[in-house]
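Letter by letter, the chains look like this.
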Amino acid sequence: MSIETEISALKYKVNKILEEKKYVFYMNTGSLTGDLTVGGNIIGWGNKIVRPYGSFYDTTTQTASATPNTALAMKLNTTDIAIGVSIVSGSRIQFNYDGIYNIEFSAQFDKTDAGTDDVEVWLSYTGSNVPWSNTQISLVGNNAKAVAAWNWFVSASAGEYCEIMWYSADTNLRILSQGTQSAPVRPEIPSVIVTVTQV
């Protein structure tokens, strides 16, 4: 047998092994714990690897607390789409898996009295305020509106949660939800929108 024939036979055996391994990897379920180092490309088809994510919103108008010096958690009563992230107790963004998450939100603030009023928004993790996560905005005049929208990165553990907190001393300040509007027809406005993605 020539050296070329032997090399060809060896290549055939190696390719068969790779095909079988690939078949096992793609056609069976399993799990991997720890680090995986790949020297080359990962080529796949069919269902892809999906990181946890969630899109949530609230359809109610949320008002500032009538109790002095009381902060509130922004409510989220509707799940749009989600895998590995959920809303618990109406406001808690709970993570099913360890990881670093990007939490983005928007909230439409509105006030129904004269003057200037402040509102603050910050992040809470498992019931404790996250340091240096607060931002203050001001609304000026009756019927003033302002959209608060920014994001935080959070290192979270499975089973733990975040809440988006807010506070205003003025009970006439609220997070406004509006129904469908016409001329032209426009969709509803949620009071709060939150998206969560693992990074």
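Scope of this entry: the structure provided in the associated data block. The structure presented is a predicted model; accordingly, all values stated were derived computationally and were not measured.

### Structural notes on the overall build of the chain
Here is step 1: When its secondary structure is counted, the chain shows one helix and 14 strands.
Here is step 2: Buried positions account for 31% of the 199 residues belonging to the chain.
Here is step 3: Put simply, 72% of the contacts in the chain that link residues at least 6 apart link residues at least 24 apart.

### A short note on the packing of aromatic side chains
Here is step 1: Tallied over the entire structure, the rule returns four aromatic pairs.
Here is step 2: Seen in terms of ring centroids, Phe-105 and Trp-152 are 5.4 Å apart; in terms of plane orientation they differ by 10 degrees. Their pairing is stacked. Pair noted here: Phe-105 is in strand E7 (residues 99-111) and Trp-152 is in strand E11 (residues 145-156), with a separation of 47 residues, a long-range link.
Here is step 3: Here the aromatic cluster, defined as three or more aromatic residues joined through ring pairs, consists of Phe-105, Trp-150 and Trp-152.

### Regarding the pattern of salt bridges
Here is step 1: Enumeration according to the criterion identifies four salt bridges in this entry.
Here is step 2: For the salt bridge of Asp-110 with Lys-145, the shortest nitrogen-to-oxygen distance reads 3.2 Å. Placement of Asp-110 in strand E7 and of Lys-145 in strand E11 is noted, with a sequence separation of 35 residues between them.
Here is step 3: The salt bridge involving Lys-111 is made with Asp-113; its shortest N-O contact spans 2.8 Å. With respect to burial, Lys-111 and Asp-113 carry one shared label: buried.
Here is step 4: Several salt bridges converge on common partners, so that one network encompasses Asp-110, Lys-145 and Arg-174.

### What about unusual backbone geometry?
Here is step 1: The omega angle of the peptide bond from Ala-183 to Pro-184 is 0 degrees, so this bond is cis rather than trans.
Here is step 2: With respect to the helices, strands and loops of the structure, Pro-184 is situated in the loop between strand E13 (173-175) and strand E14 (192-198).
Here is step 3: Its identity is not glycine, yet Thr-126 carries a phi of approximately 45 degrees, on the positive side.
Here is step 4: Here Thr-126 is to be found in the loop between strand E8 (116-125) and strand E9 (128-129).

### A short note on the nonpolar core
Here is step 1: Met-74, Ile-103 and Phe-109 are the most contacted members of the largest nonpolar core, which has 33 residues in total.
Here is step 2: Beyond its immediate sequence surroundings of up to four residues, Met-74 is in contact with Gln-62, Gly-90, Ser-91, Phe-105, Ala-107, Phe-109, Val-121, Ile-164, Trp-166, Ile-175 and Val-192.

### Regarding a nonpolar patch on the surface
Here is step 1: The grouping of Ile-100, Phe-153 and Val-199 at the surface amounts to a nonpolar patch, some 300 Å² of accessible area in total.
Here is step 2: Mapped onto the elements, Ile-100 comes out in strand E7.

### Describing the environment of Met-74
Here is step 1: Residue placement: Met-74 occurs in the loop between strand E3 (72-73) and strand E4 (78-83).
Here is step 2: It is 10.0 Å that separates the C-alpha atoms of Met-74 and Val-194, two residues lying 120 residues apart in sequence.

Rules and cut-offs
- Residues numbered from 1 in each chain as written.
- Predicted model: local features only at pLDDT ≥ 70, side-chain atom pairs only at ≥ 80, totals over all residues.
- Heavy atoms only, no water.
- Helix = DSSP H or I, 4+ residues; strand = E, 2+ residues; numbered from the N terminus.
- Buried < 20%, exposed > 50% of the residue type's maximum accessible area, 1.4 Å probe, protein only.
- Contact = heavy atoms within 4.5 Å.
- Phe/Tyr/Trp six-rings, centres within 6.5 Å; stacked < 30°, edge-to-face > 60°.
- Salt bridge = Lys/Arg side-chain N within 4 Å of Asp/Glu carboxyl O.
- Core = buried A, V, L, I, M, F, W, Y, C linked by side-chain atoms within 4.5 Å.
- Patch = residues over 30% accessible without salt bridge, like charges linked within 9 Å, V, L, I, M, F, W, Y side chains within 5 Å.
- Areas by Shrake-Rupley, 256 points an atom, 1.4 Å probe, with all protein chains shown as cover.

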